[in-house]
Number of protein chains: 2
Amino acid sequence: MAPNEEGGGEALLPDLPRGPLDAYRARASFSWKELALFWEGEDMLRLKKSIFSALESDPVFARPGRGLPVERLRELTFLRCRRLLQLDMLRADVLLRSPLRLLALVTGLGMYDWSLAVKAFLHTFVFGSAIFNSGSERHLKYIPKIFNMEIFGCFALTELSHGSNTKAVRTTAHYDPATEEFVIHSPDFEAAKFWVGNMGKTATHAVVFAQLYVPGGQCHGLHPFLVQIRDPKTLLPMPGVMVGDIGEKLGQNGLDNGFAMFHKVRIPRQDLLNRTGDVTPEGTYVTRFQDSRQRFGASLGGLSAGRVCIVGMAVANLKLAVCIALRFSATRRQFGPADGEEIPVLEYQLQQWRLLPYLAAAYALDHFSKSLFLDLVALQQGLHRDDQSARQAELGREIHALASAGKPLASWTAQRGIQECREACGGHGYLAVNRLGDLRNDNDPNSTYEGDNNVLLQQTSNYLLALLDREGADPGGARFESPLKSVDFLAAYPALLGRRFAAASLQDCLDSAVPLAAYEWLVCYLLRESRQQLAREKRAGSSDFDARNNSQAYCCRPLALAFLELTVLRRFHQHTRQPGVPPPLRAVLRQLSALYGLWSLSQHSALLYRGGYFSGERAGKMLEDAILELCSQLKDDAVALVDVLAPPDFVLDSPIGRADGQLYRNLWGAVLQQPRVLERPSWWPEFAASKPAAGVASSKL
Amino acid sequence: MAPNEEGGGEALLPDLPRGPLDAYRARASFSWKELALFWEGEDMLRLKKSIFSALESDPVFARPGRGLPVERLRELTFLRCRRLLQLDMLRADVLLRSPLRLLALVTGLGMYDWSLAVKAFLHTFVFGSAIFNSGSERHLKYIPKIFNMEIFGCFALTELSHGSNTKAVRTTAHYDPATEEFVIHSPDFEAAKFWVGNMGKTATHAVVFAQLYVPGGQCHGLHPFLVQIRDPKTLLPMPGVMVGDIGEKLGQNGLDNGFAMFHKVRIPRQDLLNRTGDVTPEGTYVTRFQDSRQRFGASLGGLSAGRVCIVGMAVANLKLAVCIALRFSATRRQFGPADGEEIPVLEYQLQQWRLLPYLAAAYALDHFSKSLFLDLVALQQGLHRDDQSARQAELGREIHALASAGKPLASWTAQRGIQECREACGGHGYLAVNRLGDLRNDNDPNSTYEGDNNVLLQQTSNYLLALLDREGADPGGARFESPLKSVDFLAAYPALLGRRFAAASLQDCLDSAVPLAAYEWLVCYLLRESRQQLAREKRAGSSDFDARNNSQAYCCRPLALAFLELTVLRRFHQHTRQPGVPPPLRAVLRQLSALYGLWSLSQHSALLYRGGYFSGERAGKMLEDAILELCSQLKDDAVALVDVLAPPDFVLDSPIGRADGQLYRNLWGAVLQQPRVLERPSWWPEFAASKPAAGVASSKL
C-alpha cells in the first residue's frame, strides 16, 4: 500500500508536527512513511497504533510524573496490568493469529514501561507457558484463571545462592504416599527462591523448581511444581510460606521481584507439572525420558523463548535511545564556524560517528529480532506436533545457539548505545525526565537474567566447535547445513582462512558484502584459534572443565559474538537486497546495512590484521574512511530514520526527543511541571537554625 | 612505620573480620597493611580514618535505607553538609597544610555519598575559590560567611541552551552609572541558568557569569558577578529572581541542581568579581589584560581544578566498584569440575579477565590522580605569587592538557568498570542495596560536566599538535621539554616511528616497560596520522573549523587518550620502580603496572598492527597471553589488593562487598531490613476487585 492512498496510510501514519526538525526532514532521501510501511507492514503498524492509542486514551496509563515511592509504583503497575487483562490485550489466542503480534505487544508495552510489560508477560506467557508446556491435561484448568486473574503467577527457579548453575538449586520436594502430597521445603535461606518477578507482592501461585525425591530417598532431579503461595482473597501468605519483596532494583521498580522460603509446604500430587516426569500415587517415578540429562534439558527448554524475547526488548530500548539522542542532536546547536551561527551538533562528524552506528544497529538488530522470533515460532510448532525429525532437532540446536549469543549481543549493544546516547545529550541526558536513565536502568538486567551473557555465549561457541568436530570426521567438509543456513558457510572451512581483504577503493567498501566476507573469514579464524587453544590446554593436562574455561576470554567468547554479528549482518544484508524493497528505499537501507557491518567489524580490526586478512595501512584506514563516509551519507536521513522507529511522544516520553523538535520549550515545560519546583524547601527553617560557629568546633583532622 | 609496631599500625589499620575471604587473604603474596601504609602514607590513613569515624559516629550520617523521596534526600544532604561545617571539616586553612588532604576529603566524603561531597565542595571550594580567585580585596568579606553559613553559594555558568560553548552564554549585565549598579538579566528562558548545583533549593548567593555591557552598548564579554538569589532568613527568592529546582537526575539526587532567570535584577557595582576586568563608577571598563581572549581564559582558569578533582572522584568510584565485585567473586561459588564442589567465580579466567584489569586501573589512576593534584597545587602556588615565567606558563598548558584528557580517561574507565562490576555480580549486582547502581549513576555526570569528555579531549590533542608545530621550526627536534616531562619523549619524534615490538617471550612481556615503549610509538603514530589528516582536509579546502572536526574520530581523539594512558602508565611504572618501594611489595605492584599497561594497550592492537609496530600473529597473541598470565598471577592477591582500597563497611555500604565476606548472610539481612518486606501490599483489596471477565471486554486488536 502506498503511504498516501486515501484512508490507509494517512490514518495509520499521521503527519509529524512542524518545527525545528523540518530542515532535516526535508533533506531526507526517502519518505519515512514509505519506509515505515515497508519495515513494519500495515498489519503491524495498525497493531502498534491500537496498542499505543489504548494506552494514551486510558487514565490509568497516564504518565504520573517522577518520584513515586516504590510501593505506589508497584500498585500502579498492578492496576495497569489488570487493565490490560480487562481489555483482553494479552489473550494468547488473538495474538497467536500472527506470531509477530506477541513480540509487537511485548515491545510496544515495554516502550511505554518495562515494569508493566515484564509483569504482564511473566504472569501470562512465562507462568502460562510453564504450565502449558511443562504440565499436562490436568493443569489446563489453570490457564483461564490466569486471564481472569483468579490467580496471579510467577516462575521460581533462581535461588539466593544459585542463578546460572540452575541444576544445583536446593529446594526439595519429597513425595509422601500416605497423603499423596509433595512436601516443598527450603533447607536454609541460601536456598530461598530469589529474584522471582511478581513474587514480591502480587503472585498467588508459583511454578517452583525443586529436586524431586521419592520414598526411599532417591532424587530424580529438578522438576517444576505448582505451589500456591498466597490467598487470592487477602494476598496473605499461605501457611509455611515466607514470601517477601527483595526491594529496590536499579530499574524496573514497578515490578515486584520477590523471595520465598518454604517450610514443609504440602501440595497435592497432581500439582507436579508432569510433562517430563511423574510420580504414581504409590510413589514410583515414571518418565518418558531415558536419562536425567535429557529430562533436564526438556524441562528447561522453555527458557530459550525468553532469550529471543529479550533480543526484542533490548532492541526496543536501543530504538528509543537513538530517537531521543538524534532528535536532540538535530536541534541542539553548539559552536560553529568562527563568528557564524551555531550549528546542530549532528553536523559534527564526531557526533555522527558516536550515534549513527547505533541507529544502524537498531535497524539490523530489529530485523534479526523479528526473523529469529519467527524461527522460534516454527520450532515451537514442531514441538507441539511432536516432530521427532533430525531437522527439528537441528533447528532446535541452531536456534539455541542463535538465541544464546543473540541476547548478549543485543543487550550489550543496547546498553552501550544507551550510554553513548545519554552522553551525546550532554547534561540534559542526565536529567531523569528525558528518560535515558530509565532506559539504561531498565535495559540493564537483560545482560544478566535468563542466563548471564558471558555464560550463554559458551553455548554458542560450544555449538560451533561441536559442528566442526562432527564434520571433522568427514574431511570433505561438505555437510555443513543447518535449517536456517547460519553455518552453511563453514562448508568452506578451512579454505576460507585463505581469503583476503580485496576492496580496491573506498567506494567498494560502502557495501555490506565487504564486512560479510570479512566476517566469514573472522569466524573461521576464531574457530581455528579456539580449537587450537583447547587442544593446547588439553595437551598441558587440563581437564575438560579447565580447558573450556581457559579458552573463553580471547577465543570462544569473541567467536560466539563474531558469529552472531555475522548472522545479524547476513540477514540484514539479504533483507535490504530482496526484490521487494521499494526502489526509493534501497539506497538508505543498504547504507544502514553497510554501516552496521563495517562498524561492528571494526571492533575486530586487530584480529583481521593479526590473522593476515588485512595487511598494510590502507585496509584499516579504508574501513575507517568507509564508516565516516557512510555516517556522512546517513546524517541527513537520520531524523527520518528515527521517525520510522519512534513511538508517539506519549510513549517515547522524553521532552528532548519529541517529534516537534522544540527541544527547549519541551524541556522547560517539563521542568516547570514538576511538583514544588519553585517552592522553597519544606525544611527551610533549618537553614537559619544551628549555624556553624566558625572556628569553635573542631574535628581535629 | 612498620604495620605491626605497637600503637600506630594496629590502631590505624584494624584487622579484618575472619570469614570466607580468609582463604584468599591467606594466599596473598604481601601484607595488605604494609601496602596500605606505602600507598597512602600514615598521615593520609589517619585523615581518612578520622573522616570515616566522624561519619560513622554521628547519627545524622546514619544510612537511612533506600527509597527516600527527593525532598527528604535533599534535606538530609543539607543537614549533613551543615554538620560538616559545624565540625569544621571543610576548613581550607587546615586542609591546605597538606594539599592531598583536600583530595582525600572530597573523595572520602564521596565514597560515603556523592551528593554530600559535591554539595559541600561546590559551596566551599568552587563558590569560595570563584570569589577568592576572581574577586579582589573587596570580596574577601564573603569568605568567612561561607564557612559560618551566613550565605550558601553556587556557581552559575551553564544555561539551558549553552553548556560546552560557554562563550555564547546570553545572560547580560548592563552597567547603570546613575545608581552605580549592574542590571542582571536573562533575555529569555533559553538563557536561564540551568544545571547549577545548590541552586535548586539551598543557595542564597550565586556567582553568575554574564556578558558585561557598559553605557553606550559595548560588550566586554563574560564576567562573573556575585548575585544574591535568596533571603538567608527565609530562603525565599529575591525580587526579580525566578529560581527553582530542575528535578530528578539519574544520580546525585541529594544535590539540588537548579535554574534561575533574572528579571532586571540590580546589584551593586562592587559585586562584579573584578580580577580580570572592572568598571569605574562612571562606567569605563578597565582591565589588566590586553585582549578579551586572554581575559576570558583567565576568568575560566578556575575550571581546570574541577577537572583534576573529577579524576579523583572517578577513581574513588572505580575503587568502590572493584572492592564490591572482587569480594563478591571470591565468595560466590557457581559450577565446578564435574561433580566436585562449586568454586568461587574468581577462579574462572573469564571473571579474572573482566575484573582484574579494572583493579589495576584503579591503582594506576589513583596514583595519577594524586600526582596530578600535587602538580596542580604547584601551578596554583605559582599563580598566587604571580609567577610570570615561561616555565609557569608552560606548566599551565601541560596541566591543562593532562586534566583535559585525564577527566575523560578516568571517568570513562570508571563508568565501564562499574558496569563490568555490576554485570560480574550477576543478578545481585542489579539489586539497589548492593550500591553498584548508585555508583554508576553518581559517576555518570563525570563524563559530561566540567567540560564534555569528547570536547575536552580536543584540548589535549590541540596541545600536542601545537607542540609539534612549534618544534617543527627546529628540525633538530631536541627542544621537547615540559615541566612535568610528559612530552619529553617527543624529542625522538619522528625517529620513534621506526621502533618495533621487540619482546622475545611471554616472560619479557610481563613488564610495564613493554607497553610503555609501545605507547611512545603509538602516540607518535597518532600524532603523525592526525597531522596528515588535518593537512588532507586543508588541501581539500576545509576551513580550520571543519578540518579540526573531521579529524577527531580516528585521529585526534585516540591521540589524546593514548597520550594520557601513556602518562598514567609512565607515572605508575616509575612509582613502582622507585627505590622506596618495600621489597615485599615490588612484585605485586609491578604486576599491576604491567597489567594496566598491557590491557590499555590491547585496545589499540589494530593500530599497532596497522602502523607496523606489531607484525605476525605472535605479537598480538603474546599481548593477550601476558594479560591472562598477569590476571592469573594477581588472582590470589586480588582480595588483599581491594582490602587496601576499601573504606570501612559503613562507607562501602554494600552487603555483597563487606569485609567479612559473608555474602549471603549480609544480603539476606539487608533484604529483611527493608520496610514492609513481608507485609502484603497496601493495595491488596484491588486484587480481589474488578477482576477481568475473560472474553467480555475486547480491545479490538
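Residues numbered from 1 in each chain as written. Chains lettered and ligands numbered in written order. Predicted model: local features only at pLDDT ≥ 70, side-chain atom pairs only at ≥ 80, totals over all residues. Heavy atoms only, no water.

Note the following rule: UniProt positions are given in the numbering used here, feature names are shortened, and annotations may be inferred rather than shown by experiment.
Labelled according to an unreviewed UniProt entry, chain A appears under the name Acyl-coenzyme A oxidase, originating from Pipistrellus nathusii. As stated in UniProt under Sequence similarities (unreviewed entry), the record for chain A gives "Belongs to the acyl-CoA oxidase family."

## Topic: the pattern of salt bridges
Any two side chains of opposite charge can pair, on the condition that their charged atoms come close. Residue and element names in this part refer to chain B. What counts here: Salt bridge criterion: a side-chain nitrogen from Lys or Arg within 4 Å of a carboxyl oxygen from Asp or Glu. Here a strand is any run of E in DSSP of at least two residues, a helix any run of H or I of at least four, and the numbering for each starts at the N terminus. Think of it in three bands: with a 1.4 Å probe and only protein chains considered, a residue is buried below 20% of the maximum accessible area for its type, exposed above 50%, and partly exposed in between.
Under the defined criterion, the tally for this structure stands at 92 salt bridges over all chains. With a closest N to O distance of 3.1 Å, Arg27 and Asp636 form a salt bridge. One end of the pair, Arg27, is in helix α2 (residues 22–27); the other, Asp636, is in the loop between α22 (616–635) and α23 (638–645), and 609 residues separate them in sequence. Arg27 gets classed as partly exposed once you look at its relative accessible area, which sits at 39%.

## Brief notes about the state of the cysteines
Residue and element names in this part refer to chain A. Applied cut-off: Criterion for a disulfide: a pair of cysteine sulfur atoms at a distance within 2.5 Å.
Within this structure, the stated rule accounts for zero disulfides over all chains. Lacking any disulfide linkage, Cys309 is separated from the closest cysteine sulfur, that of Cys81, by 16 Å. In this structure Cys524 is a free cysteine whose sulfur lies 15 Å from that of Cys555, the closest cysteine sulfur available. In this structure Cys524 comes out as buried when scored by relative accessible area, which is 0%.

## Examining the sheet that holds strand β4 (residues 193–197) of chain A
Two modes of strand pairing occur in sheets, parallel and antiparallel, and in both the strands are linked by backbone hydrogen bonds. For clarity, the cut-off: At least two bridges found by DSSP between two strands is the condition for calling them paired. Where helices are involved, their axes are fitted lines through C-alpha atoms of the stretch in contact, as for all axes, and angles between N-to-C directions lie from 0 to 180°. It only takes one pair of heavy atoms within 4.5 Å for two residues to be counted as in contact.
With antiparallel pairing, three strands are arranged side by side in an open sheet as β4-β8-β7 (chain A). In this open sheet, the two edge strands, each paired with only one partner strand, are β4 and β7 (241–245) of chain A. When strand polarity is set aside, the average angle formed by the axes of neighbouring strands in this sheet is 30°. By the bridge criterion, four bridges tie β4 of chain A to strand β8 (residues 257–262) of chain A in an arrangement that is antiparallel. Each residue of the ladder has a partner; that of Lys193 of chain A, found in β8 of chain A, is Ala260 of chain A. Here helix α25 (residues 663–672) of chain B sits on the sheet in contact with β4, β7 and β8 of chain A, set at roughly 110° to β8 of chain A.

## A short note on the pairing of strand β6 (residues 219–228) of chain B
In terms of burial, β6 of chain B is largely enclosed, as eight of its ten residues are buried. The turn joining strand β5 (residues 205–213) of chain B and β6 of chain B, which pair antiparallel and follow one another in sequence, is formed by five residues; a positive phi near 100° is taken by Gly216 of chain B.

## Observations regarding helix α17 (residues 513–539) of chain B
Counted only if it meets this: To estimate the expected span of a helix, count its residues, drop one, and scale the result by 1.5 Å.
With 27 residues, α17 of chain B extends 39 Å from end C-alpha to end C-alpha; this agrees with the ideal 39 Å at 1.5 Å per step. Among the residues trailing α17 of chain B, Gly541 of chain B stands out with phi positive, at a value near 95°.

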